[in-house]
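# Fold and contact review
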Amino acid sequence: QVQVVESGGGLVQPGGSLRLSCAASGSILNIDVTGWYRQVPGKQREEVAAIISGGGPSDGGTRYADSVKGRFTISRDNAKSTVYLQMNSLKPEDTAIYYCNVRVRAGPTWREYSYWGQGTQVTVSS
């Protein structure tokens, strides 16, 4: 029972910037990982960036796809239950639908459940 809503997409020129937001609500007390993915027609959905939650030695850790390293930054505001993706130096190749994925652990076996937002369109074009 987790709701995920993305926002912030739009049309931007090459070299421009956008900040995407992922707001989660519901049963979000045990979030494990929040990730940003993107997908274009005919290709598999790929992970762009992720941030680890839930405490432990890896809490706050991030990872990025090679194609966006140095340009994108993932961050979070725990008080607002929101994860952001700051995208700088955007390229036409970044054009895609961007999805937020929230992974939550729950139940007696601490199983991980995955929740997806509806996606937000990012178009980079001159």
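What counts and how
Position numbers for residues start from 1 in each chain and track the written sequence from start to end. Since the coordinates come from a predicted model, pLDDT governs what is reported: local features require at least 70, and pairs of side-chain atoms require 80 or more to be given and counted, while whole-chain, interface and lining totals use all residues. Only heavy atoms go into the side-chain values, all of them from the structure, while hydrogens and water stay out. Working definition of a nonpolar core: buried Ala, Val, Leu, Ile, Met, Phe, Trp, Tyr and Cys residues. They are joined through side-chain atoms within 4.5 Å. Relative accessible area decides the class of each residue, using a 1.4 Å probe on protein chains only: under 20% of the type maximum gives buried, over 50% gives exposed, and in between gives partly exposed. Every helix listed is a DSSP run of H or I at least four residues long, and every strand listed is a run of E at least two residues long, numbered separately from the N terminus. Only strands that DSSP links by at least two bridges are regarded as paired with each other. Pairs of cysteine sulfur atoms within 2.5 Å are identified as disulfides in what follows. For helices, the fitted axis covers only the stretch in contact; all axes are lines through C-alpha atoms, and the angles between them, taken along N-to-C directions, range from 0 to 180 degrees.

On to the nonpolar core. Ranked by internal contacts, the top residues of the largest apolar core, which has 28 residues, are W36, F72, L85, M87, Y98 and V102. If you list the elements that add at least two residues to this core, you get β1 (2-7), β3 (18-26), β4 (31-39), β5 (46-52), β7 (72-77), β8 (82-87), β9 (96-106) and β11 (120-124). At five residues, the largest contribution of residues to this core is made by β9.

It is worth spelling out the pairing of strand β10 (residues 111-116) at this point. The sheet contact formed by β9 and β10 spans six bridges and is antiparallel. Each residue of the ladder has a partner; that of R105, found in β10, is E112. In sequence, β9 turns back onto β10 through a hairpin of four residues, with G107 there showing a positive phi of about 85 degrees.

Once that is clear, we can look at the pairing of β3. Across six bridges, β1 lies against β3 in antiparallel orientation. Across the sheet, residue E6 finds its bridge partner in β3, namely C22. Across six bridges, β3 lies against β8 in antiparallel orientation. The residue of β8 that forms the bridge with L20 is L85.

This brings us to the state of the cysteines. Tallying each qualifying case throughout the model produces one disulfide. Here C22 connects covalently by a disulfide to C100, the sulfurs 1.9 Å from one another. Around the S-S axis, the bridge from C22 to C100 shows a dihedral of about -80 degrees and counts as left-handed. Placement of the pair is C22 in strand β3 and C100 in strand β9, with a sequence separation of 78 residues. Classification of C100 by relative accessible area gives buried; the value is 0%.

If you trace the four strands from one edge of the open sheet to the other, you get β1-β3-β8-β7, paired in antiparallel fashion. At either end of the open sheet lies a strand with only one pairing partner, and these are β1 and β7. If you compare each strand with its neighbour and ignore which way they point, the axes differ by 15 degrees on average.

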